[in-house]
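Understanding the architecture of this molecule
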Amino acid sequence: MCRAMHTILLLHGVMSSRIDFRRNQGDLEDLELSVLAMDLPGHGDRRIVAGSANSLDRMALDVAGRLDDRIAYLVVGHSLGALVGLCLARLRPDLVSGVVLEDPPGLTSNDPARVAAEVEIATRRARADPDGEVTKLLSGGSTWTRPAAEDSVHSRQAADASSIARFLRTQRWDLPALVAESPAPVALIAATEPDTALNGADRERLLTLIPPDRVRIVNSGHTVHRDRPALWLISVLRFGHSLGLDKAQWHSRSE
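Below you will find a few notes about this structure. Everything quoted here is computed from the prediction, not taken from an experiment.

**Concerning the overall build of the chain**
Looking only at helices and strands, one finds eleven helices and eight strands in the chain. Scaling as 2.2 N^0.38, a compact globule of 255 residues should have a C-alpha radius of gyration of about 18 Å, and the chain matches this with 17 Å. Taking all 255 residues of the chain together, the buried fraction comes to 53%. If you take every contact in the chain between residues at least 6 apart in sequence, the share linking residues at least 24 apart comes to 76%. On the chain, roughly 11100 Å² of surface is accessible, and the fraction owed to carbon and sulfur atoms is 51%. In the chain, 30 positive and 33 negative side-chain charges are present, and the distance between their average locations comes to 2 Å.

Right, dumping it as structure tokens:
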């Protein structure tokens with residue numbers, strides 16, 4: 001029987017989907033690592049069932065229900081995916097060996113109601129004029145490739161905007177508390193201000209909670225994995241190695 005001892009689990013942000021990690025997943029797999037990118041409820045191909053998008057905990061349990069419980073997962077979550085990853089570590093510590101937070105959103109400087117409105121507008125525009133939205137994403141000095149922009153627009157088209165907006169308008173979270181309560185080690189990849197979702201008191205608090213050698217501040221926009229994929233890759237690998245997960249443990253083996 002073939003079993004992966006460790007797997008890198010990639011969780012995307014709001015309005016995104018697993019395909020938004022396409023390049024990053026490919027880079028990791030080219031290094032012969034076991035990788036799983038998953039759609040959160042209401043995103044990509046994952047429909048919402050039994051209130052799975054009603055809270056961060058419900059999203060985390062939805063993810064847990066689709067995982068192989070014989071495998072230890074290094075969770076790498078972008079934005080919303082970072083919050084879900086922290087909840088997954090708390091609810092199912094048996095599954096999680098560590099959590100990498102990629103530019104997680106704090107509430108001290110982010111207004112979820114504003115983001116909810118942006119979600120509704122962005123999904124509507126993606127469906128009405130996908131080519132125009134791709135052009136917008138590539139303009140203004142963007143470092144994204146065209147395939148990355150096309151994947152982003154496709155994810156927006158597939159998103160359940162009304163459910164995502166409802167979640168954002170009704171849910172609140174304490175990011176520093178989630179980090180402090182995590183039973184698994186946590187690392188942080190944060191974008192530079194002001195192009196980050198991690199600002200103000202939340203940013204200051206996280207920098208005191210996470211060891212300096214597990215923090216990387218990147219000159220980047222909010223989507224570090226797309227803006228600076230090489231630095232993102234290095235950061236994820238270094239954290240995995242710091243947990244004692246050597247290369248052999250990431251491969252499949254026969255039992």
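**Side note on helix 4 (residues 112–128)**
Taking 1.5 Å of rise per residue, 17 residues should cover 24 Å, and helix 4 covers 24 Å from first to last C-alpha, within 8% of that figure. Among the residues of helix 4, those classed as buried are Pro112, Ala116, Val119, Ala122, Thr123 and Ala126. Buried residues of helix 4 fall within an arc of 130° about the axis and therefore sit on the same side. Of the exposed residues in helix 4, those oriented more than 90 degrees away from the buried face are Arg124 and Ala128.

**As for the packing of aromatic side chains**
Throughout the structure, instances matching the rule amount to one aromatic pair. With centroids separated by 6.1 Å and ring planes inclined at 35°, the aromatic side chains of Phe21 and Trp232 adopt a geometry described as tilted. Within this pair, whereas Phe21 is found in the loop between strand 2 (6–11) and helix 1 (22–30), its partner Trp232 is found in helix 11 (residues 229–242), the two being separated by 211 residues in sequence. Residue Phe21 is classed as buried on the basis of its relative accessible area of 1%. The positively charged end of Arg226 is found above the aromatic ring belonging to Trp144, 4.7 Å away from the centroid.

**So, the sheet that holds strand 7 (residues 215–218)**
The six strands are arranged 3-2-4-5-6-7 in an open sheet whose pairing can be described as parallel. Only two strands of the sheet have a single neighbouring strand rather than two, namely strand 3 (35–38) and strand 7. Strand after strand, the sheet turns through a mean of 15° between neighbouring axes, direction not considered. As paired strands, strand 5 (residues 96–102) and strand 6 (residues 186–191) are joined by four bridges and run parallel to one another.

**Here's the deal with the pattern of salt bridges**
A full pass over the atoms with the stated rule returns 14 salt bridges. A salt bridge links Arg18 to Asp39, with the shortest nitrogen-to-oxygen separation between them at 2.3 Å. One end of the pair, Arg18, is in the loop between strand 2 and helix 1; the other, Asp39, is in the loop between strand 3 and helix 2 (56–64), and 21 residues separate them in sequence. Judged by relative accessible area, which is 4%, Asp39 ranks as buried. A cluster of three or more residues bridged by salt bridges with shared partners is formed by Arg18, Asp39 and Asp45.

**Here we look at helix 6 (residues 146–158)**
With 13 residues, helix 6 should cover 18 Å at 1.5 Å per step; its first-to-last C-alpha distance of 18 Å lies within 8% of that length. Here helix 6 has its buried residues at Ala148, Ala149, Asp151, Ser152, Val153, Ser155 and Arg156.

**A closer look at the environment of Leu28**
Its place among the elements puts Leu28 in helix 1. When neighbours within four sequence positions are excluded, Leu28 is seen to be in contact with Ile8, Leu33, Val35, Trp232, Leu233 and Leu237.

**Some thoughts on the packing of helix 5 (residues 130–138) against helix 6**
Relative orientation of the contacting elements helix 5 and helix 6 amounts to 130°, with a least axis distance of 9 Å. By the angle between their axes, helix 5 is oblique relative to helix 6. Helix-helix and strand crossings are classified by hand; for helix 5 and helix 6 the assignment is right-handed. Residues Pro130, Glu133, Val134, Leu137 and Leu138 of helix 5 lie in contact with helix 6, whose contacting residues are Arg146, Ala149, Glu150, Ser152, Val153, Arg156 and Gln157. By residue class, the composition of the contact of helix 5 with helix 6 is six nonpolar, two polar and four charged.

**Side note on the side chain of Ser220**
Mapped onto the elements, Ser220 comes out in the loop between strand 7 and helix 10 (224–227). For Ser220, a relative accessible area of 7% corresponds to the buried category. Beyond its immediate stretch of four places on either side in the chain, Ser220 contacts Ala191, Thr192, Asp195, Asp227 and Arg228.

Criteria and cut-off values
All chains use their own residue numbering, which begins from 1 and follows the written sequence. Whole-chain, interface and lining totals are the exception, using all residues; otherwise, since this is a predicted model, local features are given only for residues with pLDDT of at least 70 and side-chain atom pairs are given and counted only at 80 or more. For the side-chain quantities, the full set of heavy atoms in the structure was used; hydrogens and water were omitted. Here a strand is any run of E in DSSP of at least two residues, a helix any run of H or I of at least four, and the numbering for each starts at the N terminus. C-alpha atoms define the radius of gyration in this analysis, and the globule rule sets the expected value at 2.2 Å times the number of residues to the power 0.38. Note on classification: 1.4 Å probe, protein chains only; a residue is buried when its accessible area is under 20% of the maximum for its type, exposed when over 50%, partly exposed between these limits. The contact criterion used is simple: two residues touch if any of their non-hydrogen atoms lie within 4.5 Å. Computed by Shrake-Rupley with a 1.4 Å probe, the accessible areas treat only the displayed protein chains as cover when residues are assessed. Residues scored as charged are limited to Lys and Arg (positive) and Asp and Glu (negative), so that His and the chain ends carry no count. We put the charge of a Lys on NZ, of an Arg on CZ, of an Asp on CG and of a Glu on CD. One less than the number of residues in a helix, times 1.5 Å, gives the span that helix is expected to have. Each C-beta atom gives one direction from the helix axis, and the arc is the one those directions make. Between 30 and 60 degrees the pair is tilted, below 30 it is stacked and above 60 it is edge-to-face, where a pair is any two Phe, Tyr or Trp rings, Trp via its six-membered ring, whose centres lie within 6.5 Å. Two limits define a charge over a ring: the Lys NZ or Arg CZ must be within 6 Å of the ring centre, and within 35 degrees of the ring normal. Paired strands, as defined in this entry, are two strands with at least two bridges between them according to DSSP. To get an axis, fit a line to the C-alpha atoms, keeping to the stretch in contact for a helix; angles then go from 0 to 180 degrees between the N-to-C directions. Salt bridges are identified by distance alone: a Lys or Arg side-chain nitrogen within 4 Å of an Asp or Glu carboxyl oxygen. Here is the rule for angles: anything less than 35 degrees is roughly parallel, anything more than 145 is roughly antiparallel, 65 through 115 is roughly perpendicular, and the remaining ranges are oblique. Note on convention: the crossing is left-handed when the near helix lies turned anticlockwise from the far helix by less than a right angle, right-handed when the turn is clockwise. Residues are grouped as follows: Ala, Val, Leu, Ile, Met, Phe, Trp, Tyr, Cys and Pro are nonpolar; Asp, Glu, Lys and Arg are charged; all remaining types, including Gly, are polar.

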